[in-house]
Amino acid sequence: HGYSKDDGAMLVSSDQLYEIKDEKSIPMEDKHLLFKGKDEKTSLLPRAVSPSKKGGYWLASNRGIKYIKEKKVFYDSYLTNEFTGVSYSCAEDKKGGLWIASNSLWYYQSGKFINYGLINPVFNVDISKVFYDEKAAVLWIATKGNGLLLYDGHRIIELGESKGLLSNVIADFEVEGN
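Right, let's walk through the structure included here. (Residues numbered from 1 in each chain as written. Predicted model: local features only at pLDDT ≥ 70, side-chain atom pairs only at ≥ 80, totals over all residues. Heavy atoms only, no water.)

Comments concerning the pattern of salt bridges
Our working rule: When a carboxyl oxygen of Asp or Glu lies within 4 Å of a side-chain nitrogen of Lys or Arg, that pair is called a salt bridge. Secondary structure is summarised from DSSP: a helix means a run of H or I of at least four residues, a strand means a run of E of at least two, and numbering begins at the N terminus for each. Three exposure classes are used, based on accessible area relative to the maximum for each residue type with a 1.4 Å probe and protein chains only: buried under 20%, partly exposed in between, and exposed over 50%.
A full pass over the atoms with the stated rule returns four salt bridges. Between E134 and K53 there is a salt bridge whose closest N-O contact spans 2.5 Å. In this pair, E134 sits in the loop between β13 (127–133) and β14 (138–143) while K53 sits in the loop between β5 (46–51) and β6 (57–61), placing the two residues 81 residues apart along the sequence. The class for E134 is partly exposed, based on a relative accessible area of 43%. Residue classification places K53 among the partly exposed residues on the basis of a relative accessible area of 47%. In this structure, K129 and D172 form a salt bridge, with 3.0 Å as the shortest nitrogen-oxygen distance. Within this pair, whereas K129 is found in strand β13, its partner D172 is found in the segment after β16 (156–159), the two being separated by 43 residues in sequence. A relative accessible area of 16% means that K129 is categorised as buried. One continuous salt-bridge network, built from bridges that share partners, spans K129, D172 and E174.

Next comes the structure, spelled out in structure tokens:
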């Protein structure tokens, strides 16, 4: 996964995080984005990059989430030991909170993590992708077992086999017009 930056560069998550600009691939330099973590055994494996409203971007990885701006890590949930699990993707909502696709649906805001899988069992499955639609104020959630979910903070719409999809396992999706 990757995303385009304002300066014409593209950030790409692969075996590590790269910036591609002017047809050159440049590995990110911050030591927190390289191979070793606090235990010196776990390599960082980026999963997805998501732009932040504060500038910079969020990195979903096998070692939690990271907030990165100007090629420096300003927040690392793995190093603070607040959220150390695998995150597959993340998306900021209009309040500045961060939705996280992981072993269930997680939400991060103001230094606190909330496991929505403990609030509602429909979110207590592996989540492969999240996307926040600003126009509709709806969170799109791809699950590995409960289909595609749409959540507006109050109501959950479940789209799966019972609604005509071939499977309740959703690996990825794209929302047109966003």
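We are not done yet, so read on.
A word on unusual backbone geometry
At N81, a position not held by glycine, the phi torsion is positive, near 65°. With a relative accessible area of 53%, N81 lands in the exposed category. If you check the backbone angles, S110 has positive phi at about 50° while not being a glycine. Note that S110 resides in the loop between β11 (105–109) and β12 (112–115).

Digging into the sheet that holds strand β15 (residues 148–151)
Threshold: Each pair of strands is called paired provided DSSP finds at least two bridges between the two strands. The angle between two axes is taken between their N-to-C directions and runs from 0 to 180 degrees, where each axis is a line fitted to C-alpha atoms and a helix contributes only its stretch in contact.
Taken together, the four strands give an open sheet; going across it, the order is β13-β14-β15-β16, and neighbouring strands pair in antiparallel fashion. The sheet is open, and its two edges are formed by β13 and β16, each paired on a single side. When strand polarity is set aside, the average angle formed by the axes of neighbouring strands in this sheet is 15°. Pairing of β15 with β16 involves four bridges; the strand directions are antiparallel. By the bridge assignment for β16, L150 is matched with I157.

Remarks on the nonpolar core
Put simply, the test is: Take the buried Ala, Val, Leu, Ile, Met, Phe, Trp, Tyr and Cys residues and link them wherever side-chain atoms come within 4.5 Å; each set so joined is a nonpolar core. A contact between two residues is defined here by any heavy atoms of the two lying within 4.5 Å.
Grouped together as the largest cluster of nonpolar side chains are 16 residues, with contacts concentrated most on W99, L105, F123, V130, L139 and I141. Mapped by element, the contributors of at least two residues to this core are β10 (98–101), β11, β13, β14 and β15. Top element by residues in this core is β13. It accounts for three residues. With residues near it in sequence (within four places) discarded, I141 still touches L105, F123, I127, K129, V130, G147, L148, L149, Y151 and F173. Counting residues in hydrophobic clusters, the runner-up holds 13 residues, among them Y75, L98, I100 and W106.

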